[in-house]
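The residues making up each chain are set out below.
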Amino acid sequence: PGWQGICSRVRFELCRQSPTDKPLSPPHAPVVRVGPPFGRDALPPASSVYALHMVLHAPCQVALRGRDVGLPGGDYLYVGSARGPGGIRARLGRHVAGSGRPHWHIDQLRGHAEIVAASYCLSAAPLECAWVRTLLSLPDVTAPAPGFGASDCRARCPAHLLRCAAPSGDVHAALEAAALRAAP
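Fair warning: this is a prediction, and the values are worked out from it, not measured in the lab.

What counts and what doesn't
- Residues numbered from 1 in each chain as written.
- Predicted model: local features only at pLDDT ≥ 70, side-chain atom pairs only at ≥ 80, totals over all residues.
- Heavy atoms only, no water.
- Helix = DSSP H or I, 4+ residues; strand = E, 2+ residues; numbered from the N terminus.
- Contact = heavy atoms within 4.5 Å.
- Core = buried A, V, L, I, M, F, W, Y, C linked by side-chain atoms within 4.5 Å.
- Buried < 20%, exposed > 50% of the residue type's maximum accessible area, 1.4 Å probe, protein only.
- 1 Å grid on protein atoms, 1.4 Å probe; cavity = no way out; pocket = protein on both sides within 12 Å on 5 of 7 lines; lining within 4 Å.
- Points joined across faces, edges and corners; volume = space filled by probe spheres on them.
- Phe/Tyr/Trp six-rings, centres within 6.5 Å; stacked < 30°, edge-to-face > 60°.

Here we take up the environment of glycine 35. Along the chain, glycine 35 turns up in the loop between strand 2 (28-34) and strand 3 (48-56). Distance in space between the C-alpha atoms of glycine 35 and isoleucine 115 is 8.4 Å, their sequence separation being 80 residues. Excluding its chain neighbours within four sequence positions, the residues that come into contact with glycine 35 are Val116 and Ala117.

A separate point is the nonpolar core. One finds Leu52, Met54, Leu71, Leu92, Leu109, Phe148 and Leu161 to be the most contacted residues of the largest nonpolar core, which totals 26 residues. For this core, the secondary structure elements donating two or more residues are strand 3, strand 4 (60-64), strand 5 (67-71), strand 6 (74-82), helix 2 (87-97) and strand 7 (113-122). Residues Val49, Cys121, Ala125 and Val132 belong to the second largest nonpolar core, which totals 20 residues.

Let's shift gears to the layout of surface pockets. With a probe scaled to a water molecule rolled over the atoms, the places where space remains empty come into view. Approximately 470 Å³ is the volume attributed to the largest pocket. In terms of lining, the largest pocket is formed by 20 residues, of which the most central are Ser81, Glu128, Gly149, Asp152 and His160. Elements supplying a minimum of two residues to the lining of the largest pocket: strand 6 and helix 3 (128-136). Counting residues per element, the lining of the largest pocket draws most heavily on strand 6, at four residues.

Another aspect to go through is helix 2. The set of residues buried in helix 2 consists of Gly87, Ile88, Arg91, Leu92, Gly93, Arg94 and His95. Just past helix 2, the residue glycine 98 takes up positive phi, approximately 70°.

The subject of this paragraph is helix 3. Burial analysis of helix 3 places seven of its nine residues in the buried class, which makes it a mostly covered element. When we look at burial in helix 3, the residues that qualify are Glu128, Cys129, Ala130, Trp131, Val132, Thr134 and Leu135.

Moving on: the packing of aromatic side chains. The description of an aromatic ring pair uses the distance of the two centres, along with the angle that the planes make with each other. The final tally for this structure, using the stated rule, is one aromatic pair. On the numbers, 6.4 Å between centres and 55° between planes, the contact of tyrosine 50 with tyrosine 78 is tilted. Residue tyrosine 50 is found in strand 3, and its partner tyrosine 78 is found in strand 6; the two are separated by 28 residues along the sequence. Comparing tyrosine 50 with tyrosine 78, the two get one shared label, buried.

And the structure:
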């Protein structure tokens, strides 16, 4: 089944905040989807959890912990957090523009992957591992490069880069499902 079939039962479209988050208005922050052109100035400079939906049009090699790892072409999701200065505005802007020297594992995909969409949920809570666990519970979602994007992960996620082998007709609905499951 494709993403639409997997997520057809999802009716709840909000990511609830944890009790430790500062109040947002409304009391639940939506999972927001953005796509090209990525209007950086339209994004809030706030802490967020996010997922980049990328397409590798051809296989590529990335360096991971001193070894080369092959990634087959296809659809990928990279799940991360943007809790530093500038929040999601700065982080997504950096990923899309490819600016700055390579710092994170995801920077290695700059020249290989096309970012086709991004989804984010305003939250100061570290929800990225819950999103990863929920997405990995879906059929045809795998972690093809163990450790990729998860070198500082305290929840011991297998990776924060996920491959979606099924047709990705509605990745956003899958992220909404992940947000629902991850909500405290």
